[in-house]
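# Understanding the architecture of this molecule
In case you want the letters, here they are:
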Amino acid sequence: TNLTAVILPTTLERIGEYAFKLCKSLESIDIPDSVTEIGRNAFWMCHSLSKVKLSASLSKIESETFRETAIEEIEIPNNVKLIEDQAFGDCYYLQDIQLPNDIEIADSAFEGCGGLTAVDAVYLDLYGNPHYKLVKVFPHAFHYSIPDDVVEIGNNVLKDCVNIDSVVVPDSVKKIHAGAFAGSKIKRVKIGNGVTELPAFCFSHCELLEEIDIPDSISNIGQSCFSGCIKLQSVKLGNGVTELPAYCFSHCELLEEVDISDSITSIGQSCFADCISIKSIQLSDNVAYLGANSFSGCKNLQSIKLGNSIENIFKETFAGCSMLTNISLPQNVNIIGKKAFAGCSMLTNISFPHNLKTIDEETFAGCSKLTKIALPQSMRTIGKRAFFDCSSLESV
């Protein structure tokens, strides 16, 4: 316990588990680059240890290696790919952490580093001050705010942060990485005007997220961006967005209102699938593409206005929309795909376009309220079981 300094030889390759545990007077350690492994708990409870230089040959920092030390700053070598649980747990004095770009950090790696210096997050210095990437916000953080010198936000930065319910992305942020806020507990988010893209899975399964406004600066939204946001109630899309990708809002069970701007030209596969609270949708003439399953399972959808640019209704586009009562298809539509309206059990009226050529298999199967069908002379093909179980059908 009186040991204050250690000089390690350059031939040393391994420091074993608990090697310096409870050396309470040890103040600094310089670990030579020959060391490839430091065992777990190696410096646990070295309460005076404030300065550490790590070996460049390390590939990981094991669990509780430096737990309960007095480290003030640490530079993690580029070869380190993993920091395990509690590796720097309860390091109350830790203020500055420098990380390599490609690293995995356990959720509790820096847990408790908030006693005196309130280290709530880890940042990566990208290009020199003040350009930082937010790498991780730790679960113990309360009321965290993204600093104005952050220009990038990494993936899964708020994972397991149960105490943070709102996020403001400052205008300084130019890039958000895939899955950045996925699975977090945020209820509200404001996105700054510096962001031009919301990547894939950005807010996926944010089960408490209630509302979001997407600014005009956003020109691209990635696949499954809001999928599984089961409490999301309203979305306002900015004028910069032109395409809604596959699964973008799928399984948003409380989503009632979607303001789809006139700039939207394409709605991807399963984009609004199983959004069971949507009652009406209006699409402008600029929307030329509806992907397969785009509104399937929207069982409370009662009305929809389709733009005149749509030429094909693809597979299962409105399948299972059991409250849809009538629909007028745009005159340019020439194909209605397989099961496109299957299970629309309240559909009583459908207006077919003059150019329609193909009704695919099981397209209207289970439309049990449909009574009359008037097909255009342009028709060429009616698929198998196209009107199966249309039990109220009286005339064709």
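Described in the following lines is the structure provided in the data block. Because the structure is predicted, anything quoted here is derived from the model rather than measured.

### Topic: the overall build of the chain
- In terms of regular secondary structure, the chain is built from zero helices and 31 strands.
- Expected size for 396 residues packed as a compact globule is a radius of gyration near 21 Å; at 29 Å, the chain overshoots this value by more than 25%.
- Expressed along its principal axes, the backbone C-alpha trace of the chain runs to roughly 100 × 35 × 30 Å.
- Counting the 396 residues in the chain, one finds 50% classified as buried.
- With 32 positive and 49 negative side-chain charges, the chain shows a separation of 8 Å between the mean positions of the two kinds.

### Overview of the pattern of salt bridges
- Inspection of the entire model under this criterion finds seven salt bridges.
- Among the ionic pairs, Arg 40 bridges to Glu 17, the shortest N-O distance being 3.6 Å. Placement of Arg 40 in the loop between strand 3 (37-38) and strand 4 (51-53) and of Glu 17 in the loop between strand 1 (14-15) and strand 2 (28-30) is noted, with a sequence separation of 23 residues between them.
- A residue is classified by how much of its surface remains accessible, and Glu 17, at 41% relative accessible area, is partly exposed.
- Notably, a salt bridge pairs Glu 64 with Arg 67, separated by 2.4 Å at the nearest N-O pair. Each member of the pair, Glu 64 together with Arg 67, is buried.

### Brief notes about the packing of aromatic side chains
- Throughout the structure, instances matching the rule amount to 15 aromatic pairs.
- Considering the side-chain rings of Phe 364 and Phe 387, the 5.3 Å spacing of their centres and the 5 degrees angle between planes classify their relative orientation as stacked. Placement of Phe 364 in the loop between strand 30 (358-359) and strand 31 (381-382) and of Phe 387 in the segment after strand 31 is noted, with a sequence separation of 23 residues between them.
- Judged by its relative accessible area of 0%, Phe 364 falls in the buried class.
- Taken together, the aromatic side chains of Phe 181, Phe 203, Phe 226, Phe 249, Phe 272, Phe 295, Phe 318, Phe 341, Phe 352, Phe 364 and Phe 387 make up a single cluster linked through ring pairs.
- The lysine or arginine in question, Arg 385, covers the ring of Phe 388, its NZ or CZ lying 4.1 Å from the ring centre.

### With respect to the pairing of strand 15 (residues 188-191)
- Only one face of strand 15 is buried, namely the one carrying Val 189 and Ile 191, since none of Arg 188 and Lys 190 on the opposite face is buried.
- Across four bridges, strand 13 (residues 166-169) lies against strand 15 in parallel orientation. If you follow Ser 166 over to strand 15, its bridge partner there is Arg 188.
- Relative to strand 17 (residues 211-213), strand 15 runs parallel, the two sharing three bridges. Counted as the bridge partner of Lys 190 is Asp 213 from strand 17.

### So, the sheet that holds strand 31
- A sheet is described by the order of its strands in space; here four strands give the open sequence 26-28-30-31, paired in parallel fashion. The outermost strands of the open sheet, each flanked by one partner alone, are strand 26 (312-313) and strand 31.
- Sheet topology places strand 28 (residues 335-336) next to strand 30; two bridges connect them, and they run parallel. By the bridge assignment for strand 30, Ile 335 is matched with Thr 358.

### Section: the nonpolar core
- With 84 residues, the main nonpolar core has Phe 181, Phe 203, Phe 226, Phe 249, Phe 272 and Phe 341 as its most contacted residues.
- Mapped onto this core, the elements with two or more residues apiece are strand 11 (132-137), strand 12 (150-153), strand 13 and strand 15.
- With residues near it in sequence (within four places) discarded, Phe 249 still touches Phe 226, Leu 232, Val 235, Leu 237, Leu 244, Leu 255, Cys 271, Phe 272 and Cys 275.
- Counting residues in hydrophobic clusters, the runner-up holds 39 residues, among them Leu 8, Leu 26, Leu 54 and Phe 110.

Thresholds applied
Residues numbered from 1 in each chain as written. Predicted model: local features only at pLDDT ≥ 70, side-chain atom pairs only at ≥ 80, totals over all residues. Heavy atoms only, no water. Helix = DSSP H or I, 4+ residues; strand = E, 2+ residues; numbered from the N terminus. Rg over C-alpha atoms; globule rule 2.2 N^0.38 Å. Buried < 20%, exposed > 50% of the residue type's maximum accessible area, 1.4 Å probe, protein only. Lys, Arg positive; Asp, Glu negative; His and termini not counted. Charge placed at Lys NZ, Arg CZ, Asp CG, Glu CD. Salt bridge = Lys/Arg side-chain N within 4 Å of Asp/Glu carboxyl O. Phe/Tyr/Trp six-rings, centres within 6.5 Å; stacked < 30°, edge-to-face > 60°. Lys NZ or Arg CZ within 6 Å of the ring centre and 35° of its normal. Pairing = 2+ DSSP bridges. Core = buried A, V, L, I, M, F, W, Y, C linked by side-chain atoms within 4.5 Å. Contact = heavy atoms within 4.5 Å.

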